[in-house]
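# A structural walkthrough
Here are the chains, one letter per residue:
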Amino acid sequence: DYRDMSRKAANYIGALIINKPDCVLGLATGSTPIGTYKNLVAGYENGDYDFSNVRSVNLDEYKGLPKENEQSYYYFMHDNLFSHVNIDPANTHLPDGTEPDSQKACEEYNKVIASMGGVDLQLLGLGHDGHIGFNEFDKETHCVDLTEMTIEANKRFFNSIDEVPRQAYTMGIATIMRAKCVLMVVSGKDKAEILKKSFFGPITPQVPASILQLHPNFVLIADEDALSAL
């Protein structure tokens, strides 16, 4: 179930932190990883994990939302993980959603990721249309127009659909594929069909997550509902 999935995912990430204290974690937002973060916080509070040398890069950020906005991914990460563990704020990185120049924002973020030597473990969720991050299929960090399906899925977090940002900066498929390990968490019956298409169907740009079939170290942790179509 979701709790078991979250615990296993946190154990997997925690093992990396123990074995490589200065690891680079690629982190994701959304409802699915919240349980994983809760378990990592519990592990820190129990003295199992030390985040003092951990570095992080986030998958994406809405364009146009300041950090103080409760729907920004910066706010989400602080609310769910960063403010509860001993990670150095200077070691946490997200694309700059307040930078209006898309090219500049994306180039700067690519430099940040490169300066760390790449990502040791990239945590991902799975979108209903198979997207990973906000990706449809670009290589490096880029500005993406959010699909109607994504806008519809995200409107529950805002007062109205008009408040949902129409663009986001997102890490690209090539950056994700260069991560030494990719860990995906998927939960719920509503993800069963797209999970099946992603990992038991053809590799196609129509299902961006299907590219992960080619990753040399990909781990899927999913609950029984998400795996029910297999």
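Described in the following lines is the structure provided in the data block.

Quick notes on the rules
Residues numbered from 1 in each chain as written. Predicted model: local features only at pLDDT ≥ 70, side-chain atom pairs only at ≥ 80, totals over all residues. Heavy atoms only, no water. Core = buried A, V, L, I, M, F, W, Y, C linked by side-chain atoms within 4.5 Å. Buried < 20%, exposed > 50% of the residue type's maximum accessible area, 1.4 Å probe, protein only. Helix = DSSP H or I, 4+ residues; strand = E, 2+ residues; numbered from the N terminus. Contact = heavy atoms within 4.5 Å. Pairing = 2+ DSSP bridges. Right-handed = clockwise from strand over helix to strand, strands pointing away. Phe/Tyr/Trp six-rings, centres within 6.5 Å; stacked < 30°, edge-to-face > 60°. Axes fitted to C-alpha atoms, helices over the stretch in contact; angles between N-to-C directions.

The tendency in soluble globular proteins is for nonpolar side chains to be buried side by side. Grouped together as the largest cluster of nonpolar side chains are 28 residues, with contacts concentrated most on L25 and L81. Only α1 (2–19), β1 (24–27), α2 (34–45), α3 (73–80), β5 (121–124), β8 (181–186) and β9 (218–222) provide two or more residues apiece to this core. The element best represented in this core is α1, accounting for 6 residues. In this structure L25 touches I13, L16, I17, V54, R55, S56, V57, V119 and L121, once residues within four positions along its chain are discounted. Counting 27 residues, the second largest nonpolar core, distinct from the first, contains A179, V182, V207 and A209.

For β8, a buried count of 6 out of 6 residues is recorded, marking the element as mostly surrounded by other parts of the structure. Bridging between β5 and β8 involves 4 bridges; their strand directions are parallel. Residue pairing in the sheet places L121 in a bridge with C181 of β8. As paired strands, β8 and β9 are joined by 5 bridges and run parallel to one another. From the neighbouring strand, L183 faces β9, where its bridge partner is V219. Handedness of the β8-helix α7 (residues 192–200)-β9 crossover: right-handed.

Tallying each qualifying case throughout the model produces 4 aromatic pairs. Measuring from centroid to centroid gives 6.3 Å for Y44 and F51, while their planes differ by 75°, and the two rings are edge-to-face. According to the relative accessible area criterion, Y44 is partly exposed, its value standing at 27%. An aromatic cluster of at least three residues, connected via ring pairs, comprises Y62, Y73 and F158.

What follows covers the sheet that holds β1. Here 6 strands make up an open sheet; going across it, the order is β4-β2-β1-β5-β8-β9 and the pairing parallel. Each having just a single partner strand, β4 (92–93) and β9 make up the two edges of the open sheet. In this sheet, strand β2 (residues 55–58) lies alongside β1 in parallel orientation, the contact comprising 4 bridges. Across the sheet, L27 pairs through a bridge with N58, a residue of β2. Packing against the sheet, α1 makes contact with β1, β5, β8 and β9, and its axis sits at approximately 160° to β8. Along the sheet, α7 makes contact with β8 and β9, crossing β9 at roughly 160°.

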